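Results of the structural survey
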Amino acid sequence: MERDEDLDPHTDDLPLRANTNHILVRHYVLDLTVHFDRKVISGSVVLFLEPCSGLGTTAEDDAAAGAGTKEAGVSRGAFVCGSRGVDEAEDGTKGLGETPTRKEKKFGARERDAPESQALPGSGSAQTAAETENIQSSHSWETTSDGDFTLSLDCCDLDVTKVEEVDVTPASATSGLQPEVASEWSGVSSVNPQAAFIQSLISMPSSRWRQKQQLFSLCSRALCAQDGGPLHFRRDRWSLQVRKKGVASPQEFPRALRICYETRPAGGSVRWTKDQDNRVCVYTAGSPINNRALFPCQEPPVAMSTWQATVRAPSECVVLTSGEEPAVPIEDGDTRSLIWHCYVTMPMPASTFTLAVGHWRQVAEENPPALERGARDKTDCCETDKLCAGPEEWAPADLMSGLGSSISEVVKGPPLKTGSGDQTARSDSASCWSSLEDEGLFSVTDYSGMADDGISCCHGDYPCRYTEQSARSQRVIPHRVFGPVGLLQKAQVGVLKLLPRCLAAAHAVLGVHPFPRLDVLIVPAGFSSLGMASPHIIFLSQSVLCAGSLGSGENGLSLCGSRICHEIAHSWFGLVIGARDWTEEWISEGFATYLEDIIWAQAQQLSLQETAEQSDLKALLRWRRLSDELQNSEEALQILRPNMENTGRASESGSSTVKHALNPDKNFMQVHYLKGYFLLRFLASQVGEKQFIDFFRVFVKKYHGQLILSQDFLRMLLITFPDIERKGLTLSAVHADWLDQPGIPKWLYERSAVWSQARLVEEVKAEVVKWILLSQSHQGKGRKRKRTEPKVNYKEVTSEQLVMLLELLLEEEELSGATLRALQRTYNLQNQDAEVKHRWCELVVRHAYTRAYGDVETFLVHHQAMGVYLYGELMVQEDPEQQALARRCLSLVREEIDQSARRVVEEMVL
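Note that residues are indexed from 1 along each chain, following the sequence as it is written. Residue-level local features of this predicted model are given only where pLDDT is at least 70; pairs of side-chain atoms are given and counted only at 80 or more, and the full residue set underlies all totals for whole chains, interfaces and linings. With hydrogens and water stripped out, all remaining heavy atoms of the structure feed into the side-chain values.

We now examine the overall build of the chain. A count of helical and extended segments in the chain gives 30 helices and 24 strands. By definition in these notes, contact holds between two residues if any of their heavy atoms fall within 4.5 Å. A fraction of 78% describes how many contacts in the chain between residues 6 or more apart in sequence connect residues 24 or more apart. In this description, accessible areas are obtained by the Shrake-Rupley approach with a 1.4 Å probe, and a residue is regarded as covered only by the protein chains that are shown. Of the accessible surface of the chain, which amounts to about 35,000 Å², a share of 48% is contributed by carbon and sulfur atoms. Helix numbers and strand numbers start at the N terminus; a helix is a DSSP run of H or I with at least 4 residues, a strand a run of E with at least 2.

Structure representation (structure tokens):
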């Protein structure tokens, strides 16, 4: 058997195998059941497909789709399924440029060695065991030939039991849809009425989105096509390949497929763990492999699609998703489960689908009463939503029944509510609304220099909020906060209190909220980052919750508020506008980091001077972090546009790779956040910050609902501000200085010297001098009797200033134990936010301050995403007590820490 390129241990690139230049998934219908006892999700996904026109491709052209390609992202703009109009990447690996005969021989050899039965559970350490684990095929796969067209889907860690063509004839017969549009569009002839019906369904205008989703639901429950039977499939480590015998082109391929499968307990797309109340839960983990271990899908961002999902979960659990409306559960009469139905009408990449199932409670608007830990609860959310579901609430019960329901019964009835399109507007009593005018929270800085009128959408057809007059004036969208019982009070004081202010501030800065609602979930301690944004839902780490006592004031909310603003900013940059090439992460993270400061300052009602001073202090902290990271990382990981001139290109089939996506070091680097942030600060310095934010608003109006590359943003900026190009700031200059090179640009070196002299920084330096002098006073020789501590007046500092103070003290070779004790007492360090605690723990380890080792242990247990490299500090000192502390902490969190983080920590500790 030929060596599987997927298993090459020397590559860190993530393959995207979907042949999106041949055929696209336009809609997913997911039917999922959560099994906590086995730690699996079982069910099916129905794919509604549309072949790309003008390709004329055959299976022989597609044979290389499973092979690696030159590093590239995706190749076409959003919502386009037409003839290839892209610059192809040159052949980067063997196989892409071979003759069909050799390709068939190569691909066939791998197939013949594949086992015909399902893959065995478990994974072995040897390569042969891993290959057996990751290869699975139907018994009839070998009866197909390489002359048959292959649908390639991104897939891993799934056990597929069946793939079948769906017979949509019953829905077609009762829908009243006319197939003429489909027949004219992509060569679908009247000989294949099912294909014509699916094409008509996909092409329905957004004004009929409700009927469209109901028809998708009806089709998804149809039986297997009698003349088709089960289709032939093969699954390797990274893909699922599907064929229908005798079908040689995407135009002839079935338009509706059902894939029955089950996830694996160790699958990389979902985390099975326990929450802070020790109750079981599961949630989608996000990167690096996204959702391919949750359902077979097309992962490249270009594969924009809509979806609807049915999720069955234990009745005591709450299901939260990235759907457009809060799901209203209904009881399953046959089991103790509840059924949750959710959907989206905006086409987005499959990676944005988000799911969380657990024993969450909704945070009340006022301080919640004392709740017994671990009390069994059916959740406020479920009961409240059931009570408030009035006559206009569309219940999906009829969509859960058998195929016997007539189409008229499915289509009729009160309308669904949404944030746009044919909506039925109402305020959901389970969501929180705030009148900011009543609270006196008016906009301090007017960023709305460019009017919101006259928006002409450039995206494909979907119900868009940017066209709604009511959405333009909606400063605060409906929002809810969920978490484990033990954290409800902190979540209420911090997150729920800040959300309306941050939402209103984001609206003041960026304009229309792209999504109609927002849920926030406080995720388990093992979550791999401080936050993750998806459409309609944000995951927040417990590390950002307010520190110390509940009356600690605004300063104690800084980390929480800025992180909320960061994740909210992703609604505009990362979600409604996405990167067309996943390697350009800075488009999402750099923009959100830059905007978080502006939005948070707006939420705090800071003056222009206060905003500038706070911004300069944060810039210096980020500069120090970036400088340190670039000194301790390989240059290949420091480049914001690693594909350079090949960015946005893919193979002929649409398959590609994401460069360095599987590199374990990359998961803990912040270069895309920080270097991207500094690039935007540089551009703002060239045009003026007020003008730069105004430009953001115009850019969002033009590109919302679309995918972009770096040059799309930069070219529009240069056109809008032609003076900067005349001064020498060109597209090629930005690429050369910022995007395509490792290291630090000259401007950033020069600017960091200015930030280091800012007023807030100078205040910190003065305090640092006091602490150094105090430490020196403790270091006299022969001192045995107790000495009176010198009285020093220490200035009150903000949390960001305190982080800077501790970082500067970390540069001191020696600090006395008495100084560290006074430092801890003066600033009440054990009750500060997680960023301050992190620096304090570094000081404790560096100076072997044994009295505070308990603080280090507490930090590593409760702030797992932030403490990874603290393990390294404990080990590198070669102090037996510190090394024992590292091993003890790892043993405490081994079962709940993120898998990628655990591997890195185990390498350092074990």
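The discussion continues.
In this section: the packing of helix H26 (residues 834-846) against helix H28 (residues 868-876). Where H26 meets H28, the closest approach of the two axes is 10 Å, and the angle between their N-to-C directions is 10 degrees. Looking at the two axes, H26 sits roughly parallel to H28. Across from Cys841, Glu842 and Val845 in H26, the residues of H28 making contact are Leu870, Glu873 and Leu874. Counted by class, the contact of H26 with H28 contains four nonpolar, no polar and two charged residues. Axis definition: a line fitted to C-alpha atoms, over the contacting stretch in the case of helices. Angles run 0 to 180 degrees between N-to-C directions. Throughout, the term roughly parallel applies to angles under 35 degrees, roughly antiparallel to angles over 145, roughly perpendicular to angles from 65 to 115, and oblique to all others. In this count, Pro and Cys sit with the nonpolar residues alongside Ala, Val, Leu, Ile, Met, Phe, Trp and Tyr, while Asp, Glu, Lys and Arg are called charged and the others, Gly among them, polar.

Attention shifts here to helix H15 (residues 586-603). For H15, with 18 residues, the first-to-last C-alpha span of 24 Å sits near the 26 Å given by 1.5 Å per residue. Categorising residues by exposure relies on relative accessible area from a 1.4 Å probe, with only protein chains included: less than 20% of the type maximum marks a residue as buried, more than 50% marks it as exposed, and the intermediate range marks it as partly exposed. Within H15, 18 of the 18 residues are buried, which leaves it mostly tucked inside the rest of the structure. Taken from the residues just after H15, Gln605 is the one with a positive phi, measuring 60 degrees. Multiply 1.5 Å by the residue count of a helix minus one, and that product is the helix's expected span.

Right, let's talk about the packing of aromatic side chains for a bit. Two rings from Phe, Tyr or Trp (for Trp, the six-membered ring) form a pair when their centres sit within 6.5 Å of each other. Planes less than 30 degrees apart are called stacked, planes more than 60 degrees apart edge-to-face, and all others tilted. A complete count under the given rule lists 37 aromatic pairs for this structure. Aromatic side chains Trp623 and Tyr749 sit 5.5 Å apart centroid to centroid with 75 degrees between the ring planes, which places their arrangement in the edge-to-face category. Here the residue Trp623 occupies a position in helix H16 (residues 608-631), and Tyr749 occupies one in helix H22 (residues 746-755), the gap between them amounting to 126 residues. Take Trp623: its relative accessible area is 12%, and that puts it in the buried class.

Our next topic: the environment of Ser145. Positionally, Ser145 belongs in the loop between strand E4 (136-137) and strand E5 (150-154). A C-alpha to C-alpha distance of 8.4 Å links Ser145 and Gly246, two positions 101 residues apart in sequence.

Attention now goes to the pattern of salt bridges. Whenever a carboxyl oxygen of Asp or Glu lies within 4 Å of a side-chain nitrogen of Lys or Arg, that contact is scored as a salt bridge. For the structure on display, the rule yields 35 salt bridges. The closest approach of N and O atoms between Arg17 and Asp236, which form a salt bridge, is 3.7 Å. Highlighted residues: Arg17 in the loop between strand E1 (14-16) and strand E2 (23-35) and Asp236 in the loop between strand E7 (232-235) and strand E8 (239-243), separated in sequence by 219 residues. On the basis of relative accessible area, Arg17 is assigned to the buried category, the value being 4%. Arg517 is the partner of Asp519 in a salt bridge, and the nearest nitrogen-oxygen pair spans 2.7 Å. Relative accessible area serves as the criterion here: at 1%, Asp519 is assigned to the buried category. Shared partners join several salt bridges into a network, and the residues in it are Arg624, Glu807, Glu811, Glu835 and Arg839.

This part covers the sheet that holds strand E16 (residues 355-358). Any two strands between which DSSP finds at least two bridges are classified as paired. The strand order E10-E11-E16-E13 describes an open sheet built from four strands, whose pairing is antiparallel. The open sheet is flanked by strand E10 (270-274) and strand E13 (318-321), the only strands paired with a single partner. Going across the sheet, the axis of each strand differs from the next one's by a mean of 15 degrees, ignoring polarity. Where E13 meets E16, four bridges bridge the pair, whose relative direction is antiparallel. Note that in E16 the partner of Val318 across the bridge is Gly358.

The next point concerns the pairing of E2. Of all 13 residues that make up E2, ten are buried, and the element is covered over most of its length. In terms of strand pairing, E2 meets strand E12 (residues 305-314) through seven bridges, oriented parallel. Residue Tyr28 lies in a different strand from E12, and its bridge partner there is Trp307.

Take the sheet that holds strand E9 (residues 256-263) next. On the basis of which strands lie adjacent, the open sheet formed by seven strands has the order E6-E9-E3-E2-E12-E15-E14 and mixed pairing. Of all the strands in the sheet, the pair left with one neighbour each is strand E6 (158-165) and strand E14 (330-331). The sheet contacts of helix H6 (residues 193-202) involve E2, strand E3 (40-51) and E9, and relative to E3 the element is tilted by about 95 degrees. Lying on the sheet, helix H7 (residues 209-220) is in contact with E2, E3, E9, E12 and strand E15 (337-348); it crosses E15 at an angle near 125 degrees.

One face of the sheet, then the other: side chains in a regular strand alternate in exactly this way. Among the eight residues that make up E6, six are buried, leaving the element largely enclosed by the rest of the structure. Examined bridge by bridge, E6 and E9 share seven bridges and lie antiparallel to one another. The residue bridging Glu164 from the neighbouring strand is Arg258, located in E9.

Locating Thr263 in the fold gives a position in strand E9. Under the relative-accessibility criterion, Thr263 is labelled buried at 1%. Two N or O atoms count as a polar contact when they lie within 3.5 Å, although within protein this holds only if one can serve as hydrogen donor and the other as acceptor, and sequence-adjacent residues are included solely when both atoms are side-chain atoms. Of note is the side chain of Thr263, whose polar atom sits 2.8 Å from the backbone nitrogen of Ile41.

Positive phi is not limited to glycine here, since Asn290 has a value of about 55 degrees. The buried category is assigned to Asn290, whose relative accessible area is 11%. Its identity is not glycine, yet Asn828 carries a phi of approximately 50 degrees, on the positive side. A relative accessible area of 34% means that Asn828 is categorised as partly exposed.

Residue types Ala, Val, Leu, Ile, Met, Phe, Trp, Tyr and Cys, when buried and joined through side-chain atoms within 4.5 Å, form a set referred to as a nonpolar core. Counting residues in hydrophobic clusters, the biggest one holds 157 residues, and the most contacted among them are Phe696 and Leu823. If you tally residues by element for this core, the top one is helix H13 (residues 488-510), at 14 residues. Ignoring any residue separated from it by four or fewer positions in sequence, one finds Leu823 in contact with Trp771, Leu805, Leu806, Leu809, Leu829, Trp840 and Leu843. Counting 61 residues, the second-largest nonpolar core is a separate cluster that includes Val45, Phe149, Leu153 and Phe539.

Within the secondary structure layout, Gln883 lies in helix H29 (residues 880-893). With a relative accessible area of 18%, Gln883 lands in the buried category. Discounting residues that sit within four places of it in the chain, Gln883 has contacts with Leu874, Met875 and Glu878. Within polar-contact distance, the side chain of Gln883 engages the backbone oxygen of Met875 at 3.1 Å.

Below, the discussion takes up the confidence of the model for the chain. As a per-residue measure, pLDDT tells how confident the predictor is, with possible values from 0 to 100. On average, residues of the chain carry a pLDDT of 81, and 75% of them reach 70 or more. Confidence drops under pLDDT 50 across residues 437-443; counting only partners more than four residues distant or on other chains, this segment forms twelve contacts.

Time to look at the environment of Asp277. Residue placement: Asp277 occurs in the loop between E10 and strand E11 (280-284). Judged by its relative accessible area of 9%, Asp277 is buried. Sequence separation of Asp277 and Val485 is 208 residues, and the distance between their C-alpha atoms is 6.8 Å. Within the structure, Asp277 has its side chain in polar contact with the backbone nitrogen of Val485 (distance 2.5 Å).

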